[in-house]
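Take a look at the letters that make up each chain.
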Amino acid sequence: METVSIVLTVYNLEAYLERTLRSVMAQTYPALEIICVDDGSTDGSAAILARLAACDARIRIITQENAGVGPARNAGLAAATGAYVMILDGDDVFEPTLVEHLMARTALGGEVPVDVVICRANQFDDVSGKTKDLAYSIRMDQVPAHDPFAPADMADYVFSAFVGWPWDKLYRREFLVRENLAFPALKNSEDLYFVFLAVALAERISICDEVLIHHRMNRPTSISGSRLRSADEFYRAICLLKDRLRSSGTYERLEWGFLNWALDYTLWNIITLPAGTERANLVKRLVTGEFSELELDAHGKEYFALYPRTAMNYDLLRAEYEGLPAPAAGVEDVNPRLGLVAQALTTAHHFGWGAARYQYAEWKARRAVSGNAVEAVKATQRGRSHWNLAE
């Protein structure tokens, strides 16, 4: 039986750590190496780790000064000796069959090794306890019907079919070492570099279509708060990923899907920031073409067709930059609600109802800002096929 290394990063998680670690210890796949990296915790996390390690010889503890989640994960990867690796969050909860079911998929490749196995997850609210489905975590309509499959079999969807988080995936360690995959020194968005490189460079990928991970959300001290303090790190991550894809010789066949995803991810990062200096600066950089690696000056709007919301969200930020009312859901919507229904049905058909609900939430936010949205969008839509980057 091959050993699986579980890398669990910990920073001030005393309220959640024991439940998380016990769900790892209870895995039905026994051949585990559990590497807990304490990233300079100042609460009771270290004591919890020591107590549980005393009753389970599979647990190894690495203690380091606080350096951030990326360096902590890299330390765990460097210490791993298993044939496969999982990189888990220290506050999530895992089904007992998580490792067993993912490892079962690794045998499907025959002589060609399966480098990455991906499972489904749901999320639960840390405050309310309510559980929410994450249907978008694997978009099965973008994944090949055969399994396992190569990234080349889904070249247009490598970046959109999965989410750029590392904890729902099992990685073959020899593959990670060969490709020198590690988390970059970023304050946020470091996950997407590691995850999408792994997916893009893998020989074979397999899907385990089961919810095996319960991801905790709405934790007050979550790392997501660092987005506001380092608001443009997402763009640095995009550039690092693009450079590595180019040097690996895989960028050309992945270009369309990559650029569509990169623009959508950029728009999401800006739209979800609160109003203020950081947001205004990012909006200006976007509409003046400063984010040059998105290649807006080289492609018209029709090129960015993977996500139905892309042009609409760009128009929203362009109007914000120009001090105009926010655009509506569609340029010619005489009845915006009917237009919304049509868009929601189309989005649900292609991307699932979770994406449709997200689109509806965006529409409500825009309508709250503007009472004359249709006229505003008509005024800002000169040359629909072009981005009209500002000077």
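Draft legend 1. Expanded view of the state of the cysteines. Inspection of every chain in the model, using the stated rule, returns 0 disulfides. Unpaired in this structure, C208 has its nearest cysteine sulfur neighbour in C119, at a distance of 6.2 Å.

Draft legend 2. Layout of the pairing of strand β4 (residues 84-89). Most of β4 sits inside the fold, with 6 of its 6 residues counted as buried. Along β4, one buried face is formed by Y84, M86 and L88 and the opposite face, lined by V85, I87 and D89, is buried too. Here 6 bridges tie strand β1 (residues 4-10) to β4, and the two strands are oriented parallel to one another. Paired with S5 across the strands is V85, a residue of β4. Alignment of β4 against strand β8 (residues 169-172), held across 3 bridges, turns out to be antiparallel. By the bridge assignment for β8, V85 is matched with Y171.

Draft legend 3. Up close: the confidence of the model for the protein chain. With 83% of its residues at a pLDDT of 70 or more, the protein chain has an overall mean of 87. Segment residues 330-340: pLDDT under 50, and 16 contacts once partners within four positions in sequence are set aside and those in other chains are kept. The low-confidence segment residues 365-384 (pLDDT under 50) makes 38 contacts with residues lying over four places distant or belonging to another chain.

Draft legend 4. Geometry of unusual backbone geometry. Geometrically, the link from D147 to P148 is a cis peptide bond, its omega value of 0° lying close to zero. Within the element layout of this structure, P148 appears in the loop between β7 (131-133) and β8. One non-glycine residue, S189, lies in the positive phi region at around 65°. Among the structural elements, S189 can be located in the loop between α5 (173-178) and α6 (190-201).

Conventions adopted
Residues numbered from 1 in each chain as written. Predicted model: local features only at pLDDT ≥ 70, side-chain atom pairs only at ≥ 80, totals over all residues. Heavy atoms only, no water. Disulfide = S-S within 2.5 Å. Buried < 20%, exposed > 50% of the residue type's maximum accessible area, 1.4 Å probe, protein only. Helix = DSSP H or I, 4+ residues; strand = E, 2+ residues; numbered from the N terminus. Pairing = 2+ DSSP bridges. pLDDT = per-residue confidence, 0-100. Contact = heavy atoms within 4.5 Å.

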